[in-house]
Amino acid sequence: MKIKDLLAKETLSLSFEVFPPKTESAFDSIKHATEEIAKLNPSFMSVTYGAGGGTSKYTLDIAKNIKELYGVPTLAHLTCVSSTKQTVRERIADVKAAGIENVMALRGDIPKEMENQDRSGWAYRHAIDLIRELKEDDPDLCIGGACYPEVHPESVNQKEDLRFLKEKVDAGCDFLTTQMFFDNNLLYNFLYKIREAGITVPVIPGIMPITNAKQVERAIKLSGSFMPQRFKSLVDKFGTTPDAMKQAGIAYATDQIIDLFANGIKNVHVYSMNKPDVARKIVENLSDILGK
Ligand code: FAD
């Protein structure tokens, strides 16, 4: 099923993200975790893609499993920045062969060793290059793009970021998924601005449940997200007690999701990080709201 059709439904739903293993030996445990999450009956599940290609070969295996064993629609991520045309063409053919109907088309983070290179000769400089290629190859493919309520870290300002986002959507994005954020007001402001910029596709807010103190540092480093005082206090108070931190982090994420639903959002994407217990708890917390 295409995600753009799921998003047109009026029901409230959650989708979950998982990431593929780095090594063959971890494949079975991650396959098990993704299957446990799939049993929660999410609207869809996304499977990330290693920008450097390290875990790329498992992305489709996991996505295919979720779809075929549990009938859950899947969104396979694909990045392009450090890839050749040949590699990307092969990956697109693999996506088709796996019967995947939804692709999250991303640039990917620029590998450290490529940061100072002259980019003029690169096969792919931005996600839009990949989106154009995917659309040309199969106009029917459902394509998602990434967006950043707090501005992409490389952008000079939000105006520029939104200008490029509009171009990216016009090139063929059917929907957008946001980077994580911990203050819903940032999302509401962002939605207002993108609508004003003429971007009308559905936007899926991405929520990361923070379940241990270490994850906070990683999340800030990765996304540059603003941490509201309410969230900082929670980490200060419970960060050294793992079970309490986990409970508080799940409660915080649940709270964010309830507020999003209450303000008209229909599907929230949860960065569930291969943690079925966390995903399950969130679904349980929202059982009456989701009608499950
Ligand atoms: P782009 O849309 O290309 O944007 C990157 C920067 O370039 C922005 O500053 C933008 O304003 C600017 N820009 C865009 N177009 C142009 C243009 N034409 N000219 C000049 N500047 C331009 N990474 C992974 O490696 N694997 C994953 O599976 C993965 N999944 C993700 C899922 C989501 C929902 C999100 C939000 C991020 C994900 N990432 C993933 C991280 C992502 O790859 C990085 O954030 C990356 O730095 C940017 O990717 P993008 O597709 O947003 O890039």
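The shown structure was predicted, so the numbers you read here are calculated from the model rather than taken from an experiment. (Residues numbered from 1 in each chain as written. Predicted model: local features only at pLDDT ≥ 70, side-chain atom pairs only at ≥ 80, totals over all residues. Heavy atoms only, no water.)

Undergrad: What exactly am I supposed to notice about the sheet that holds strand β7 (residues 203-204) here?
TA: Two pairing modes exist for strands in a sheet, parallel and antiparallel, and in both the strands are linked by backbone hydrogen bonds. Sheet architecture is open: nine strands sit in the order β7-β6-β5-β4-β3-β2-β1-β9-β8, paired in parallel fashion. Strands with a single pairing partner mark the edges of an open sheet, and in this sheet they are β7 and β8 (206-207). The sheet contact formed by strand β4 (residues 102-106) and strand β5 (residues 142-147) spans three bridges and is parallel. Its bridge partner being in β5, Val103 is matched across the sheet by Ile143. Relative to β4, helix α5 (residues 127-137) is tilted by about 150 degrees, and along the sheet it contacts β3 (74-79), β4 and β5. (Pairing = 2+ DSSP bridges. Helix = DSSP H or I, 4+ residues; strand = E, 2+ residues; numbered from the N terminus. Contact = heavy atoms within 4.5 Å. Axes fitted to C-alpha atoms, helices over the stretch in contact; angles between N-to-C directions.)

Undergrad: Explain the site of the ligand to me, please; I cannot follow it from the model alone.
TA: Around the ligand, 22 residues are found, and the nearest of them are Tyr49, Asp109, Tyr148, Ser155 and Asp161. At 2.7 Å, a side-chain N or O of Tyr148 approaches an oxygen atom of the ligand. Asp161 is positioned such that a nitrogen or oxygen atom in its side chain is 2.7 Å from an oxygen atom of the ligand. Of all the secondary-structure elements, those providing two or more residues to the shell around the ligand are β3, β4 and α6 (158-170). Its residues assigned to classes, the shell around the ligand comprises nine nonpolar, nine polar and four charged. (Near = heavy atom within 4 Å. Polar contact = N/O pair within 3.5 Å; in protein donor to acceptor, adjacent residues only side chain to side chain. Nonpolar A, V, L, I, M, F, W, Y, C, P; charged D, E, K, R; others polar.)

Undergrad: It is not clear to me how unusual backbone geometry should be interpreted in this structure. Could you clarify?
TA: A negative phi holds for most residues other than glycine; trans holds for most peptide bonds. Of note, Asn41 is a non-glycine position whose phi angle comes to about 60 degrees, a positive value. Summarising the element assignment, Asn41 is placed in the loop between α2 (27-38) and β2 (45-47). Residue Asn41 is classed as exposed on the basis of its relative accessible area, which comes to 54%. (Buried < 20%, exposed > 50% of the residue type's maximum accessible area, 1.4 Å probe, protein only.)

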